[in-house]
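As a plain string of letters, each chain reads:
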Amino acid sequence: MANIRNYLRKKEKLNDVQEKPRISYREKIRSHKFTIFYRVFLVLVLLASIGVAFFLQWQNKVYTQILELSSVEIKISSDAQMVPFGSRLLTYSKDGASCMDTKGNAVWNQTFGMQNPMVDINRNVVAIGDYNGREIYVMNTDSLLGHITTNRPVRNLCVSASGVVAAVLDDTDVTLICLYDSQGEELVNFRTTMKESGYPANVSISPSGELVCVSYLYVDGGQMKSSVAFYNFGEVGQNQTDHYMSGYDYLNVVVPFTRFLDNRSAFAVSDDRIMFFAGAQKPVSAAENLISEEIRGVYYGSEYVGLVFNSKESGGRYRLDVYHKSGTLERSIEYDIDCRDIIFYEDQIIIYNESDCRIYNDKGMEKYAGKFSKTALMLIPQNASYNYMVVTPDSIDTIELK
């Protein structure tokens, strides 16, 4: 009898063991991996949410104070002109040019003798030439790149970010447009005449130095016309006559301003319209916006172009219309100060004069509105966000918005 009971108990225990579900080793690994993935996913979502929150807070932050980080004394000649040069300061006069950093140190000095110096800057490269003279100097923010001597008087010039210079040279019957490398070697030239193409009123060159845009002014059948022409000096344009790729005519207008925003985007401004062109090899008309108001100023960056008008609204004395390089009017900004300059830098639109400063982001939100503690002759954005070099009559200050 005892043996039977023992047998039944053992059988019952064996059945209990057999009825329990068995989990394989592979299923355990799969479950463990899913748990880890789920935890990592939750951590990433949490970090992303924190990042978005910080970004929105930073994007919507309004600055109220200027903190002076450093100040160094400088002496600038009263007859010297000043222009921003990358994140540095370029000063020039008839006797020479100098590049200074935020500490007031001269990165380089270049002496020359010019009667009417002309300056063109493309990113970190500058060309300085003598109007009606025959000398052009090419420098970057670190040193002298080269010296060009022309065989005819220089009427106009522009420089690429690679150091290629396009110069308009005057002659008795024709006008030459010549391209030089920074060492002074002539790369190519082509002739223009009033009868065939008109007089080149403005010339601009792409950052790479391959595309050149020329605005011609001429008279046809008793009517004044302007033509915006594009030339390609790369491989694509070698088989084209005079490297000519495309052109557009405009009746009864003068087009005094053309500029490349990058290697495939350019714009031109006349007294009644703004024109946008697109294309890395053969630029074509991308957009055209007619203008019925008087343009007070033209400003640009790498992505946007700004036109200033007198404001018709009560909120400000002036209006800045901001166009994307595609030709779309993005927004209008009303402001109430006379501006010394307007700077498009990364996501900032900076409007300032000697005493007042307004800074907006690229959405049109006002980030800062206030006054300088010193007379500001020049404001130059630095690499750090909302840090600037401010040039005063006797110092270079580095400031930060707080």
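For the structure, see preceding data.
Structural notes, computed from the coordinates.

1. Quick notes on the sheet that holds strand β14 (residues 199-205)
Stage number 1. The four strands are arranged β14-β15-β16-β17 in an open sheet whose pairing can be described as antiparallel. For this open sheet the edge positions go to β14 and β17 (244-251), each flanked by a neighbour on one side alone. Here the average twist between neighbouring strands, direction ignored, is 20°.
Stage number 2. Pairing analysis gives six bridges linking β14 to strand β15 (residues 211-220), with the strands arranged antiparallel. Within β15, the position partnered with Tyr-199 by the bridge is Leu-217.

2. Notes on the side chain of Lys-325
Stage number 1. With respect to the helices, strands and loops of the structure, Lys-325 is situated in the loop between β24 (318-324) and β25 (329-335).
Stage number 2. In contact with Lys-325, not counting residues within four places along its chain, are Leu-261, Asp-262, Ser-265, Phe-276, Ser-302 and Glu-303.

3. Description of the packing of aromatic side chains
To describe a pair of aromatic rings, you give the distance between the ring centres and the angle between the ring planes.
Stage number 1. With the rule as written, the count across this model stands at 14 aromatic pairs.
Stage number 2. Consider the rings of Tyr-231 and Tyr-244, whose centres lie 5.8 Å apart with planes at 70°: the pair is edge-to-face. Remark: Tyr-244 occurs in strand β17 and Tyr-231 occurs in strand β16 (residues 223-232); sequence separation between them is 13 residues.
Stage number 3. For Tyr-231, a relative accessible area of 6% translates into the label buried.
Stage number 4. Connected via pairs of aromatic rings, a cluster forms that spans Phe-257, Phe-267, Phe-276, Tyr-300 and Tyr-323.

About the criteria used
Along every chain, residues carry numbers that run from 1 in the direction the sequence is written. Local features in a predicted model are, by the rule used here, given only for residues with pLDDT of at least 70; side-chain atom pairs are given and counted only at 80 or more, and totals for whole chains, interfaces and linings are based on all residues. Each side-chain value is worked out from all heavy atoms of the structure, with water and hydrogens disregarded. Strand pairing is assigned whenever DSSP detects at least two bridges linking the two strands. Put simply, DSSP H or I for four residues or longer makes a helix, DSSP E for two residues or longer makes a strand, and each gets a number counted from the N terminus. The convention used is that axes are lines fitted to C-alpha atoms, helices contributing only their stretch in contact, and that angles between N-to-C directions extend from 0 to 180 degrees. Residue contacts are counted whenever heavy atoms from the two residues lie within 4.5 Å of one another. The pairing test for Phe, Tyr and Trp rings, Trp by its six-membered ring, is centres within 6.5 Å, and the orientation test on the planes gives stacked under 30 degrees, edge-to-face over 60, and tilted for anything in between. Categorising residues by exposure relies on relative accessible area from a 1.4 Å probe, with only protein chains included: less than 20% of the type maximum marks a residue as buried, more than 50% marks it as exposed, and the intermediate range marks it as partly exposed.

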